[in-house]
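Results of the structural survey
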Amino acid sequence: MNKTYCSALFNHIYSDNSDNYSLCCHASKKHVPRVNASEVTPFEWFLGDHMEEFRDKVIAGEKLPACEKCYKIEEAGHESQRLKRFRSDKNISFEPEKIELKLRIFGNYCNLSCYTCHPYNSSTREKELKEIGIYENYAYDETEKAPSKNQYEKIAQDVLDNIHLVGKILFTGGEPLLLPRHHDFIDKISDADAQNIKVSYMTNFTELNHKGVYFLDKVRRFKGANFCISCDHYGDKLSYIRYPIDVYKFEKNLEILAEEHVKTNGFMDGAIHLTASILNIEDIYDIRNYYQSKFGLKLKVASIVRSPYDFCVTNHPRKDYLIEKYKHDKNLNTLLFHLKRPSNVTYWNNAIKYFESLDAHRGTNFRKLWPEYDYIDTIDHKFIG
């Protein structure tokens, strides 16, 4: 296998939260020309000189600096996103066909304020952090820059003009099921084109109705519908991590999806996508078993929080125990990679301080749910618990 080939360069169009194009959501932005979606349409970017240069280099076996993250994971003996894509695609193709789109053009409105979420991914979290007075600590240098109305319409039309090349559309947000632009966009895709396109949603799956229209009815026109359901725990811990989720309503929606999966013979499918962080790292197997046994939904550790770094599993005080617990699980190789990295006690203490700020604002109590978690003495690094 070509050691630099990645199918994302040949069948993936991605724009980030700043409305700039990149190779994928894992690529290093500093090594990709800053081309803005408000100035260049998706297919102009994909078929343009920059992408052609990247493609020529990987075909020649040259490593791309933008893809350094994947190369490092592979050098450590783990499966990178590049290799995962190759395993999923099952073959190498150099032709732009069955392209998947992941465009951040619909806005960032979200009804939840998940504790690890970047504020540019959720308007509710942005509002909460500003109310607490710690927005600058977690906003970093990135802001959501949704295209203007005219820019959005130009981008949407470019996609519709090239819809015959599209095989999959990945919707994200904010919360895509609550974004008017998302609904406007899929309504403009003809029934004939929809039959050749699969849709995939990164969603919190808390609301299935939009302006009186039942959302699942909308996606029946497509070739298939998959839901990557963001969910990081269950019960009271889920309520804390993904505040202010209505757990009862959320689980009712999961029951609906499970029923649809059976009724549609797999046409509608979904899985729990967990973001690993310091508040759920010890319970991954319990969470997996809960959703598998109750709803028949598989769990995937879809990502590991790396920023804000305060919440990264790298800084968990009981890393030796966690490494031992998960060391034989090949599905958690990336998680193990981060657990084995050097930790910094300051980040852990910052996280505890942050939870106290949330509790003061929300009227919650994280220590009731995680009584063993507290500040670490920075002198002897002893875990208090």
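Residues numbered from 1 in each chain as written. Predicted model: local features only at pLDDT ≥ 70, side-chain atom pairs only at ≥ 80, totals over all residues. Heavy atoms only, no water.

1. Thoughts on empty space enclosed by the protein
What the rule picks out here adds up to two cavities of 30 Å³ or more. One number sums up the size of the largest cavity: a volume of about 50 Å³. Looking at the largest cavity, the residues that line it are Leu 101, Lys 102, Leu 103, Ile 105, Phe 106, Val 159, Ile 169, Leu 170 and Phe 185. Looking at side-chain class alone, the lining of the largest cavity contains eight nonpolar, no polar and one charged residues. (1 Å grid on protein atoms, 1.4 Å probe; cavity = no way out; pocket = protein on both sides within 12 Å on 5 of 7 lines; lining within 4 Å. Points joined across faces, edges and corners; volume = space filled by probe spheres on them. Nonpolar A, V, L, I, M, F, W, Y, C, P; charged D, E, K, R; others polar.)

2. Things to note about the packing of aromatic side chains
Counted under the stated rule, the structure contains 28 aromatic pairs. Judged by centre distance (6.4 Å) and plane angle (75°), the rings of Tyr 240 and Phe 355 are edge-to-face. Here Tyr 240 is found in helix H12 (residues 235-241), whereas its partner Phe 355 is found in helix H17 (residues 345-362), with 115 residues between them in sequence. Residue Phe 355 is classed as buried on the basis of its relative accessible area of 0%. Measuring from ring centre to ring centre gives 5.0 Å for Tyr 290 and Tyr 291, while their planes differ by 85°; the resulting arrangement is edge-to-face. Given a relative accessible area of 0%, Tyr 291 falls into the buried group. Members of the aromatic cluster, each reached through a chain of ring pairs, are Phe 106, Tyr 152, Phe 171, Phe 185, Tyr 201, Phe 205, Phe 215 and Phe 227. Lying across the ring of Tyr 71, Lys 63 places its NZ or CZ 5.0 Å from the centre. The cationic tip of Lys 130 hangs over the ring face of Tyr 135; the distance from NZ or CZ to the ring centre is 4.9 Å. (Phe/Tyr/Trp six-rings, centres within 6.5 Å; stacked < 30°, edge-to-face > 60°. Helix = DSSP H or I, 4+ residues; strand = E, 2+ residues; numbered from the N terminus. Buried < 20%, exposed > 50% of the residue type's maximum accessible area, 1.4 Å probe, protein only. Lys NZ or Arg CZ within 6 Å of the ring centre and 35° of its normal.)

3. Thoughts on the pattern of salt bridges
Scanning the entire structure with this criterion turns up 28 salt bridges. Where Asp 16 meets Lys 29, a salt bridge forms, and the shortest distance between an N and an O atom there is 3.5 Å. You can see Asp 16 sitting in the loop between strand S1 (12-15) and strand S2 (21-22) and its partner Lys 29 sitting in the loop between S2 and helix H2 (42-46), a full 13 residues away along the chain. A relative accessible area of 0% means that Asp 16 is categorised as buried. Given a relative accessible area of 25%, Lys 29 falls into the partly exposed group. Arg 220 is the partner of Glu 260 in a salt bridge, and the nearest nitrogen-oxygen pair spans 3.0 Å. With Glu 260 in helix H13 (residues 247-263) and Arg 220 in the loop between helix H11 (215-218) and strand S8 (224-230), the pair connects residues that are 40 residues apart, well separated along the chain. (Salt bridge = Lys/Arg side-chain N within 4 Å of Asp/Glu carboxyl O.)

4. Focus on helix H14 (residues 284-295)
Taking 1.5 Å as the rise per residue, H14 with 12 residues should run 16 Å; its terminal C-alpha atoms sit 16 Å apart, in good agreement. Along H14, the residues that are buried comprise Ile 284, Ile 287, Tyr 291 and Phe 295. Summarising the axial view, the buried residues of H14 lie within an arc of 70°, below the 170-degree limit, and thus occupy one face. Where H14 is buried, its residues contact H12, H13, strand S9 (268-276), strand S10 (299-304), helix H15 (319-326) and helix H16 (333-339). Of the residues flanking the end of H14, it is Gly 296, one or two places downstream, whose phi is positive at about 70°. (Expected span 1.5 Å × (residues − 1). Arc of directions from axis to C-beta. Contact = heavy atoms within 4.5 Å.)

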